Amino acid sequence: MTSSDFRFATLSDAGIEWALKRNCSVTPAQLGALYASLCGVSMAVAGFFWVQGATLVLPFAAIELLAVGTAFLVYARHATDSERIRLSQGRLVVEVETAGRLSRCEFPREWVRVEPRREDDHLIEVLGGGRSVKVGRFLRAELRPALAREIRLALRGV
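The structure reproduced in this document is the subject of the present report. All residue numbers refer to positions counted from 1 along the written sequence of the respective chain. The predicted nature of this model means local features are confined to residues of pLDDT at least 70 and side-chain atom pairs, given and counted, to a pLDDT of 80 or more, with totals for whole chains, interfaces and linings taken over all residues. Water and hydrogen atoms play no part in the side-chain values, which are based on all heavy atoms of the structure.

**Remarks on helix α1 (residues 28-51)**
In step 1: Numbering of helices and strands starts at the N terminus; helices are DSSP runs of H or I of at least 4 residues and strands are runs of E of at least 2. Under the convention used throughout, the expected extent of a helix is 1.5 Å for every residue step, that is, one less than its residue count. The end-to-end C-alpha separation of α1 is 34 Å, in line with the 34 Å expected for 24 residues at 1.5 Å each.
In step 2: Type-normalised accessible area, obtained with a 1.4 Å probe on protein chains alone, sets the label of each residue: buried when under 20%, exposed when over 50%, and partly exposed for intermediate values. Those residues of α1 not exposed but buried are L31, C39, S42 and A46.
In step 3: Only heavy atoms enter the contact rule, under which two residues are in contact if any of them lie within 4.5 Å. If you follow the buried residues of α1, they end up packed against α2 (57-78).
In step 4: The positive-phi residue at the C-terminal boundary of α1 is G53, with phi of around 110 degrees.

**Considering the sheet that holds strand β3 (residues 82-88)**
In step 1: Paired strands are those between which DSSP finds at least two bridges. Strands sit in the order β1-β2-β3-β4-β5 across an open sheet of five strands; the sheet is antiparallel. Only two strands of the sheet have a single partner each, and these edge strands are β1 (9-12) and β5 (101-108). On average, each strand axis in the sheet is inclined to that of its neighbour by 15 degrees, with strand direction left out of account.
In step 2: Pairing between strand β2 (residues 15-21) and β3: six bridges, direction antiparallel. Residue pairing in the sheet places L20 in a bridge with E83 of β3.
In step 3: Lines fitted to C-alpha atoms define the axes here, with helix axes fitted over just the stretch in contact, and angles between the N-to-C directions of these axes take values from 0 to 180 degrees. Its contacts with the sheet place helix α3 (residues 144-157) against β1, β2 and β3, and it is angled at close to 160 degrees to β2.

If you want it as structure tokens, here you go:
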């Protein structure tokens, strides 16, 4: 097998790896800096109006910042979600990280089946040894069959 056989995988001496992650334009650290600057500007404006006698501006600004902060927190929790599939030393290891929690399934290469799912918007199901895990949620639906073919090819060719 050569690297031209694979579109999504990275080949190395250790094995083959597929790293799939959410497409995010803003990192959680950048989002935190943006939120801090938003809080500073909003509180400065609300403080100005408080001094001018418009006392209700400050509580409404605080409520607004709380709502925006909650939305940013939900976004940031899932900004680093990813799936990593590794084939090395006769084992297929699938790691799925969601909201900071990592789940890991390890399969002997000989027992693995890779099947497209009909439900769940056609996610790919990796089965073996009585366990299964769904992957491909960070790929467009039309690219998932190509990923499944790559994984099958790697499982047969190693």
